Amino acid sequence: MPESKKKALGILAIAGVEPYQEKAGEEYMSPEQLAHFRTILDAWRNQLREEVDRTVHHMQDEAANFPDPVDRASQEEEFSLELRNRDRERRLIKKIEKTLTKIEDDDFGFCESCGIEIGIRRLEARPTADLCIDCKTLAEIKERQMQG
């Protein structure tokens, strides 16, 4: 299928891995499905690690002591934004590693709250999902209510 048609249908590769095509009668979280998600998570984690390395090198290369306070403030703001992004990515890497552990423990693909199947398509969209859509929706509603 041409790339433009895949995009039009919403079929996108995650971390360079094509979406899983279920086979008729295939058991949920079969060894093939687990291997598919392990591949996605490994590739995603590697991309994030490469981005962290690039940021470190960029900050080392670009670090300068500008005499002009405006230039110095601009650089500090840029570095601050980069560090915030890397912190988010660091937390995501931890979540990916937690998910990889769940795959190894044969506990992947099931809702942590109610125990039902999360579903292949939801996991394709968010491989680190640990709640089914219903439990996630309820958790978001409760969170909004707590925030006031």
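Residues numbered from 1 in each chain as written. Predicted model: local features only at pLDDT ≥ 70, side-chain atom pairs only at ≥ 80, totals over all residues. Heavy atoms only, no water.

Peer 1: How would you summarise the nonpolar core if you had to cite specific residues and measurements?
Peer 2: Within the largest apolar cluster, 23 residues are counted, with the highest numbers of intra-cluster contacts made by M29, F37, I96, I103, F108 and L123. Those elements that provide at least two residues to this core are α2 (31-62), α3 (69-104) and α4 (120-125). The biggest single contributor to this core is α2, with six residues. (Core = buried A, V, L, I, M, F, W, Y, C linked by side-chain atoms within 4.5 Å. Buried < 20%, exposed > 50% of the residue type's maximum accessible area, 1.4 Å probe, protein only. Helix = DSSP H or I, 4+ residues; strand = E, 2+ residues; numbered from the N terminus.)

Peer 1: Can you explain unusual backbone geometry? Please cite residues and give values.
Peer 2: Here M29, not a glycine, exhibits a phi torsion of approximately 60°, which is positive. Mapped onto the secondary structure, M29 falls in the loop between α1 (3-9) and α2. Phi at D106 is positive, roughly 60°, even though this residue is not glycine. By the element assignment, D106 lies in the loop between α3 and α4.

Peer 1: Explain the packing of aromatic side chains to me, using residue names and the numbers behind them.
Peer 2: All told, the structure shown has two aromatic pairs when counted by the stated rule. The interplanar angle of 85° and the centroid separation of 5.3 Å between the aromatic rings of Y28 and F110 together place this pair among those described as edge-to-face. Of this pair, Y28 sits in the loop between α1 and α2 while F110 sits in the loop between α3 and α4, and the two are 82 residues apart along the sequence. Owing to a relative accessible area of 29%, F110 belongs among the partly exposed residues under this scheme. (Phe/Tyr/Trp six-rings, centres within 6.5 Å; stacked < 30°, edge-to-face > 60°.)

Peer 1: I'd love a proper account of the UniProt feature "zinc finger region: dksA C4-type" (unreviewed entry) in the protein, names of residues and values included.
Peer 2: According to UniProt, the positions carrying the feature "zinc finger region: dksA C4-type" (unreviewed entry) are residues 111-135. Segment residues 111-135 splits into 36% helix and 0% strand. End C-alpha atoms: 8 Å apart. (UniProt positions renumbered as here; feature names shortened; annotations may be inferred.)

Peer 1: Tell me about helix α5 (residues 133-147), and name the residues and values.
Peer 2: Compared with an ideal rise of 1.5 Å per residue, which puts 15 residues at 21 Å, α5 spans 21 Å between its outermost C-alpha atoms and is within 8% of the ideal. Just beyond α5, the residue with positive phi is G148, at close to 95°. (Expected span 1.5 Å × (residues − 1).)

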